[in-house]
Amino acid sequence: MAKHRIFTTSVASVYPHYITKAEKKGRTKAEVDEIFRWLTGYTQEALEAHLGNRTDFQTFFADAPGMNPARALIKGVVCGVRVEDIEEPTMREIRYLDKLIDELAKGKAMGKILRTP
């Protein structure tokens, strides 16, 4: 079975769309970056390096220094699919990111988005 093309798509090619989605709803690039850092454990400098190097999604998540264990608390539907039911690990990580950006654009507080107890 062929892998989905999102795996070989660069994070940098999708990143501006995340920023645009957030900014249209009055949110900021800094909040988008915070979500990326919270989910993956990357520093801001490492995130920017991956964007500059046009790292693909598969490598971006495979090389993440520390995927946040609280990401398992992310529930809901993205593109008509429940994120918690996605079996392929990389696709689940991508959809977690999508879900967090959706929540940001819907006006949720950062504490709730980042699953702060």
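Here the structure is a predicted model, which is why all the values come from computation and not from measurement.

Quick notes on the rules
- Residues numbered from 1 in each chain as written.
- Predicted model: local features only at pLDDT ≥ 70, side-chain atom pairs only at ≥ 80, totals over all residues.
- Heavy atoms only, no water.
- Axes fitted to C-alpha atoms, helices over the stretch in contact; angles between N-to-C directions.
- Helix = DSSP H or I, 4+ residues; strand = E, 2+ residues; numbered from the N terminus.
- Parallel < 35°, antiparallel > 145°, perpendicular 65-115°, else oblique.
- Left-handed = near helix turned anticlockwise from the far one by under 90°.
- Contact = heavy atoms within 4.5 Å.
- Nonpolar A, V, L, I, M, F, W, Y, C, P; charged D, E, K, R; others polar.
- Phe/Tyr/Trp six-rings, centres within 6.5 Å; stacked < 30°, edge-to-face > 60°.
- Salt bridge = Lys/Arg side-chain N within 4 Å of Asp/Glu carboxyl O.
- Buried < 20%, exposed > 50% of the residue type's maximum accessible area, 1.4 Å probe, protein only.

Now for the packing of helix 1 (residues 11-24) against helix 2 (residues 29-40). Between two packed helices, the angle of one axis relative to the other and the distance separating the axes together describe the packing. Close contact between helix 1 and helix 2 brings their axes to 9 Å; oriented N to C, the two are set at 130°. With respect to their mutual orientation, helix 1 and helix 2 come out oblique. For the pair helix 1 and helix 2, the sense of crossing is right-handed. Contacts between helix 1 and helix 2 involve V11, Y15, Y18, I19, A22 and E23 from the former and K29, V32, D33 and F36 from the latter. Grouping the amino acids of the contact of helix 1 with helix 2 by side-chain chemistry returns 7 nonpolar, no polar and 3 charged.

Right, let's talk about the packing of aromatic side chains for a bit. Centre-to-centre distance and the angle between the planes together describe a pair of aromatic rings. Taken as a whole and judged by the stated rule, the model has 6 aromatic pairs. Note on F36 and F60: the rings are 6.0 Å apart at their centroids and 75° apart in plane angle, and the pair reads as edge-to-face. Placement of F36 in helix 2 and of F60 in helix 4 (residues 57-62) is noted, with a sequence separation of 24 residues between them. Taken together, the aromatic side chains of Y15, Y18, F36, Y42, F57, F60 and F61 make up a single cluster linked through ring pairs.

Our focus in this paragraph is the pattern of salt bridges. With the rule as written, the count across this model stands at 8 salt bridges. The partner of D33 in a salt bridge is K29, and the shortest N-O contact between them spans 2.8 Å. Here D33 and its partner K29 are both found in helix 2, 4 residues apart, which amounts to about one turn of the helix. Residue D33 is classed as buried on the basis of its relative accessible area, which comes to 3%. Assessed through its relative accessible area of 37%, K29 is described here as partly exposed. In this structure, E84 and R82 form a salt bridge, with 2.8 Å as the shortest nitrogen-oxygen distance.

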